[in-house]
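Secondary and tertiary structure notes
Residues per chain are reported as follows:
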Amino acid sequence: QVQLVESGGGLVQAGASLRLSCAASGRYAMGWFRQAPGKEREFVAAISRDRIATYYADSVKGRFTISRDNAKNTTYLQMNSLKPEDTAVYYCGARRSSTLGFVEYEYDYWGQGTQITVSA
């Protein structure tokens, strides 16, 4: 059973930074998604299993950075210049394929989610 454990959420003011972590029980291609109240889950960022490829949603490009430490099987999402519209529950996902995934159904496993709230 694959386990994904997220940490790092919280309440911050606009302009602040946060880093999310997702510890996995194996090595997979990883992604971050988020879901705001009343909205569907949306793609945020993805990284390939070998760390070579990354991809970002336009809404976070230039502000968020996805990275991973394969020795620790941990994936990170560094979030800078946070905005109120970044408020959401953030989920990490893992997929058995080694390549990038961009939509929910491409992911096989999910973390429990962590809340990010950005106040104006």
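See the structure above.
Fair warning: this is a prediction, and the values are worked out from it, not measured in the lab.

Another point: the pairing of strand β1 (residues 4-7). Only one face of β1 is covered, namely the face carrying L4 and E6; the face carrying V5 and S7 is uncovered. As judged from the four bridges shared by β1 and strand β3 (residues 18-24), these two strands associate in the antiparallel manner. By the bridge assignment, V5 is partnered in β3 with A23.

Let us look at the nonpolar core. Core analysis: the largest hydrophobic core is formed by 32 residues, its most contacted members being L4, W32, V44, F64, L77, M79 and Y90. Breaking this core down by element, the ones donating at least two residues are β3, β4 (29-35), β5 (42-47), β7 (64-69), β8 (74-79), β9 (88-95) and β11 (114-119). Counting residues per element, this core draws most heavily on β5, which supplies five residues.

Of all residues except glycine, most have a negative phi; of all peptide bonds, most are trans. Positive phi, normally seen in glycine, also occurs at N73, with a value near 50 degrees. Residue position: N73 is located in the loop between β7 and β8. You will see that S81, though not glycine, has its phi angle at about 50 degrees, which is positive. Counting through the fold element by element, S81 comes out in the loop between β8 and β9. Given a relative accessible area of 40%, S81 falls into the partly exposed group.

Cut-off values and rules
Residues numbered from 1 in each chain as written. Predicted model: local features only at pLDDT ≥ 70, side-chain atom pairs only at ≥ 80, totals over all residues. Heavy atoms only, no water. Buried < 20%, exposed > 50% of the residue type's maximum accessible area, 1.4 Å probe, protein only. Helix = DSSP H or I, 4+ residues; strand = E, 2+ residues; numbered from the N terminus. Pairing = 2+ DSSP bridges. Core = buried A, V, L, I, M, F, W, Y, C linked by side-chain atoms within 4.5 Å.

These figures capture arrangement, not role.
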